[in-house]
Amino acid sequence: MSINNLDINASIKQQLIKARITEVSSLFSLTIYELKEKVSLNESSLKELLSVAANYLLKSSIKTAYSIHTNEEYKHHKLSTGCELVDQCLHGGIIFPGVTEICGESASGKTQLCLQICLNALISDSYSSILDDLWTLLNIKVDLLLSNQKIKLIVLDSVAALFRAEYDASNMINRSQMLAKFGLKLHHISQKYKICFVVVNQVCY
């Protein structure tokens, strides 16, 4: 949802676009103080801007449970893991489209399960399958990749390792914000291209 759709002053729109804030949802991934650094607005004006943006998102994105339940577009299908017992535990398999996270201790079989899911996606029909753990794929190549190939499944193994490498303990706030953006991006791509993500993370005790 573009910033241009907001009913706000044109000069404010220009400032936001110049600051590379082009999507309405991007406003809510920043704090008031971060926004003040990017645009020349006082705190009161920024709060008013966020209020307008929030109302716009609510009006344009609210869907009732009944409309979702009865609309075929929102009905999830299942992608079999290739293991009957695991499929039973998951009530049919991996949600498709959707985002699924697999957690477990080191050497508990997470990667093996993902490889099995990839194999099953390949043999179930004519779709392709990709196993890739590069964060840059989501922002640089994913649109081109998914626009030109019929892909059902993307496995990211492991997501948390990417963020641990980039952010140390003193950067927990930034890491949390990026993880939130990452999750939203996965859901957006999943719904846009009707694919499912399986996300693997290691559990440490």
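This structure is a prediction, so every number in the text was calculated from the model and none was measured. (Residues numbered from 1 in each chain as written. Predicted model: local features only at pLDDT ≥ 70, side-chain atom pairs only at ≥ 80, totals over all residues. Heavy atoms only, no water.)

**Some thoughts on the overall build of the protein**
- A tally of helices and strands in the protein yields nine helices and six strands.
- Within the protein, the proportion of its 205 residues that are buried is 32%.
- Counted over contacts in the protein with a minimum sequence separation of 6, partners at least 24 positions apart contribute 58%.
- For the protein, the accessible area works out to roughly 12800 Å², and carbon and sulfur atoms hold 55% of it. (Helix = DSSP H or I, 4+ residues; strand = E, 2+ residues; numbered from the N terminus. Buried < 20%, exposed > 50% of the residue type's maximum accessible area, 1.4 Å probe, protein only. Contact = heavy atoms within 4.5 Å. Areas by Shrake-Rupley, 256 points an atom, 1.4 Å probe, with all protein chains shown as cover.)

**What to know about helix 1 (residues 10-18)**
- Taken together, the buried positions of helix 1 are occupied by I12, K13 and L16. Projection of helix 1 onto a plane perpendicular to its axis shows the buried side chains occupying an angular sector of 100°, all on one side. Turned more than 90 degrees away from the buried face of helix 1 sit Q14 and K18, all of them exposed. (Arc of directions from axis to C-beta.)

**Observations concerning the confidence of the model for the protein**
- On average, residues of the protein score 75 in pLDDT, and 75% of them reach the 70 mark or higher.
- Of all helices and strands in the protein, the one with the weakest mean pLDDT is strand 4 (residues 128-131) (41), whereas helix 5 (residues 84-89) scores best (87).
- Segment residues 126-133: pLDDT under 50, and 31 contacts once partners within four positions in sequence are set aside and those in other chains are kept. (pLDDT = per-residue confidence, 0-100.)

**Points about the environment of C196**
- Note that C196 resides in strand 6 (residues 196-202).
- For the pair C196 and I95, spaced 101 residues apart in the sequence, the C-alpha separation amounts to 6.7 Å.
- Those residues in contact with C196 that lie beyond four places of it in its chain are L79, I94, I95, F96, P97, G98, K152, L153 and I154.

**Describing helix 9 (residues 172-193)**
- End to end, helix 9 covers 31 Å across 22 residues, agreeing with the expected 32 Å (1.5 Å per residue, within 8%).
- When we look at burial in helix 9, the residues that qualify are R175, F182, L186, I189, S190 and Y193. Buried residues of helix 9, seen end-on, are gathered within an arc of 100° and therefore sit on one face of the element. Relative to its buried face, helix 9 has exposed residues pointing more than 90 degrees away, namely I173 and L184.
- Phi turns positive, to about 55°, at K194, one or two residues after helix 9. (Expected span 1.5 Å × (residues − 1).)

**Focus: the environment of R20**
- As for its position among the elements, R20 is in the loop between helix 1 and helix 2 (32-38).
- Placed 18 residues apart in sequence, R20 and K38 show a C-alpha to C-alpha distance of 9.1 Å.

**Things to note about the nonpolar core**
- Within the largest apolar cluster, 18 residues are counted, with the highest numbers of intra-cluster contacts made by L6, L16, L27, L46 and L49.
- For this core, the elements supplying multiple residues, two or more each, are helix 1, helix 2 and helix 3 (43-61).
- Sorting elements by how many residues they give to this core places helix 3 first, with five residues.
- Apart from the residues lying within four places of it in its own chain, the contact partners of L46 are I32, L35, K36, V39 and L41. (Core = buried A, V, L, I, M, F, W, Y, C linked by side-chain atoms within 4.5 Å.)

**Describing the state of the cysteines**
- Taken as a whole and assessed by the stated rule, the structure comprises zero disulfides.
- You can see C89 has no disulfide; the closest cysteine sulfur is in C83, sitting 8.3 Å from it.
- Cysteine C196 remains unbridged, with the sulfur of C118 as its closest cysteine sulfur at 9.5 Å.
- Among the residues examined, C196 registers a relative accessible area of 0% and is labelled buried. (Disulfide = S-S within 2.5 Å.)

**Overview of the side chain of T81**
- For T81, the location among the structural elements is in the loop between strand 1 (77-79) and helix 5.
- The exposure class assigned to T81 is buried, which follows from its relative accessible area of 1%.
- Separated by 3.3 Å, the side chain of T81 and the backbone nitrogen of C83 make a polar contact.
- Looking at T81, its side chain comes within polar contact range of the side chain of D87, at 2.8 Å.
- Not counting residues up to four positions away in its chain, the partners in contact with T81 are V86, D87, L90, I94, L113, Q116, I117 and N120. (Polar contact = N/O pair within 3.5 Å; in protein donor to acceptor, adjacent residues only side chain to side chain.)

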